[in-house]
Amino acid sequence: MFLPVESVLSSAFTSVADAVAYLLRIRVLLTVVSCSRCGSSVQRYPSRPTVWHCNDHDCAHQVTVFAGSFFSRLHLPCNKVLRIAYKFLSGRSISLISAETGVSRVSVGKVVRMLREAIITEVLYEDLREESLLGGAEIVVAADESLFERGEGNEEDALLVLGAVEEESGRFRASIVPNHLASTLIPQLRSWIRRNSIVVTDQYSSYRSLGASLGAVHQVVTHRYEWVNEEGFTTNAIESLWSRLKRAIPIRDRIPGVLQLRLDEQRWRWNHRTELWNALMRTLTVHPH
Ligand SMILES: [Zn+2]
C-alpha cells in the first residue's frame, strides 16, 4: 500500500488555510472565479480562507469553498477531516484515530462512515466498466469459496464468500453467496470472468460444469492429492487472497449488511494500492453541474 509520507501533507493536516489551498490545488474543491450573483471577480482573504468574497462592495456576496463538497456535510475543520482520512487509509481503527487526533469517536466514526460510502459508490461505478472483468485469453483466474467466521470455530453465523482472483495482477471479485450450489456459484463467476480465461478451482463438484458454462479452460487441483496439478496450476492466488481479506476485515464486521461493503472496500484498496491517497481524493472531488 502506498501513502505519501505524512510529512508531505502535514501542513494540510494542521492548518485550515493550507488544507483549503491543497484541496483547491488538487481540484477536490472547485475554484470559484466569479460571483454567481453579479459576475464580479472573487477572492479569499487570509483571515477567512474558507470563504469566497465578491469583490463588488455593493454585492458583497459570499460563498463557502466547501459548497457541494464532502466537507460541507461535516462540522469538523477540513484539515482534521484530511488527517482522519489519512489514518483511515493506513488501516487504523476508529478508537485509535480518535486517540491520535483528539477528535471524539462519534465524529471520527461519522467521517469514516462517509469516506466508506464515497469509496463504495466509486467501486460500484468502476464495476460497470468492461475493464473490471477478470481474465481473458491465457489469463489465469483462481476461484474458490471461503467461510468468514465470526470467531474461532463459530461456523453457525459464518458467511460464505465466493471469490475469483487474477493470478498475475491480484485483481479480484468477492461476494457473499447463500450456498455452495453450482446454480449459485457458476452464474456469479460468469458475471465476473471473461470467456477464454483459464480458471483454476479445487475439485468441488459445484465447479464441474464451470468450463463449459464460462467458455473457459477449467483447471482442477485435487487438494486431497496435490497442491499443483499435472499442468502446473495451483489455487495459491485465491488462498492468499482469503488470508489477506480475513486479516483486513475484523470479526465484528463479518455480519450481513456489513461484510459485503468491507469486501468491496478491500477491493478498492487493492485496485488503487499504488496511489491510495490520490484515489481517495478523487472520490471526494466535487464535479461541477
Ligand atoms: Zn457579486
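Residues numbered from 1 in each chain as written. Predicted model: local features only at pLDDT ≥ 70, side-chain atom pairs only at ≥ 80, totals over all residues.

**Student:** Break down the sheet that holds strand β5 (residues 159-166) for me, with residues and values.
**Tutor:** Taken together, five strands build an open sheet; the order of strands is β6-β5-β4-β7-β8 and the sheet is mixed. Among the strands making up the open sheet, the edge pair consists of β6 (172-176) and β8 (217-221). Taking each pair of neighbouring strands and ignoring which way they run, the sheet shows an average axis angle of 25°. Taken strand by strand, helix α6 (residues 182-192) contacts β4 (140-148), β5 and β6, and its axis lies near 35° from that of β5. This element, helix α9 (residues 259-271), spans β4, β5 and β6 of the sheet and lies at about 175° to β6. (Pairing = 2+ DSSP bridges. Helix = DSSP H or I, 4+ residues; strand = E, 2+ residues; numbered from the N terminus. Axes fitted to C-alpha atoms, helices over the stretch in contact; angles between N-to-C directions. Contact = placed C-beta atoms within 7 Å.)

**Student:** Any chance you could break down the nonpolar core for me, citing the residues and the numbers?
**Tutor:** With 34 residues, the main nonpolar core has A19, L23, C78, V81, L82, I84 and A85 as its most contacted residues. Ranked by the residues each element gives to this core, the list is headed by helix α3 (residues 78-89), at six residues. Non-local contacts of A19, meaning those with residues more than four positions away in its chain, are made with A12, C78, N79 and L82. Counting 29 residues, the second-largest nonpolar core is a separate cluster that includes L134, A174, V220 and L263. (Core = buried A, V, L, I, M, F, W, Y, C linked by C-beta atoms within 7 Å. Buried ≥ 20, exposed ≤ 12 C-beta atoms within 10 Å, placed from the backbone.)

**Student:** Mind laying out α6, listing which residues take part and the relevant values?
**Tutor:** The complete set of buried residues in α6 reads L185, L189 and W192. Summarising the axial view, the buried residues of α6 lie within an arc of 60°, below the 170-degree limit, and thus occupy one face. Residues of α6 that are exposed and point over 90 degrees away from its buried face: S183, P187 and S191. Its buried side turned inward, α6 meets β4, β5, β6 and α7 (210-214). (Arc of directions from axis to C-beta.)

**Student:** Account for the sheet that holds strand β3 (residues 62-64), with residues named and values stated.
**Tutor:** The strand order across the open sheet formed by three strands is β1-β2-β3, and the pairing between neighbours is antiparallel. Whereas interior strands pair on both sides, the edge strands pair on one side only; in this sheet they are β1 (42-45) and β3. The mean angle between the axes of side-by-side strands here comes to 30°, regardless of whether they run parallel or antiparallel.

**Student:** Outline the environment of R116, listing residues and values.
**Tutor:** Within the secondary structure layout, R116 lies in helix α5 (residues 105-127). A C-alpha to C-alpha distance of 11 Å links R116 and R269, two positions 153 residues apart in sequence. If sequence neighbours within four positions are ignored, R116 has contacts with L261 and E265.

**Student:** Could you give an account of the packing of helix α2 (residues 16-25) against α3, with specific residues and numbers?
**Tutor:** Between two packed helices, what matters for the description is the angle formed by their axes and the separation of those axes. Taken N-terminus to C-terminus, the directions of α2 and α3 make an angle of 70°; their axes are 8 Å apart at the nearest point. On the basis of their axis angle, the class for α2 and α3 is roughly perpendicular. Of α3, the residues touching α2 (which contributes V16, A19, V20 and L23) are C78, N79 and L82. Partitioning the contact of α2 with α3 into residue classes produces six nonpolar, one polar and no charged. (Parallel < 35°, antiparallel > 145°, perpendicular 65-115°, else oblique. Nonpolar A, V, L, I, M, F, W, Y, C, P; charged D, E, K, R; others polar.)

**Student:** How would you explain the pairing of β6 if you had to name every residue and give the values?
**Tutor:** As paired elements, β5 and β6 share five bridges and run antiparallel to each other. By the bridge assignment for β6, V165 is matched with F172. Two successive antiparallel strands, β5 and β6, enclose a turn made up of five residues, where G170 displays a positive phi of approximately 80°.

**Student:** Tell me about the pairing of strand β2 (residues 48-54), residues and numbers included.
**Tutor:** Consecutive side chains of a regular strand alternate in pointing toward one face of the sheet and then the other. Of the strand pairs in this sheet, β1 and β2 are connected by three bridges, and their pairing is antiparallel. If you follow Y45 over to β2, its bridge partner there is R48. What sits between the antiparallel neighbours β1 and β2 is a turn of two residues. In this sheet, β3 lies alongside β2 in antiparallel orientation, the contact comprising three bridges. From the neighbouring strand, H53 faces β3, where its bridge partner is Q62.

**Student:** Summarise the packing of helix α4 (residues 94-101) against α5; cite the residues concerned and give the values.
**Tutor:** For the pair α4 and α5, the least separation of the axes is 9 Å and the interaxial angle reads 120°. With respect to α5, the axis of α4 lies oblique. Between α4 and α5 lies a crossing whose hand is right-handed. Mapping the contact onto sequence places I94, S95, I97 and S98 in α4 and R105, V108, G109 and V112 in α5. For the contact of α4 with α5, the residue count by class is four nonpolar, three polar and one charged. (Left-handed = near helix turned anticlockwise from the far one by under 90°.)

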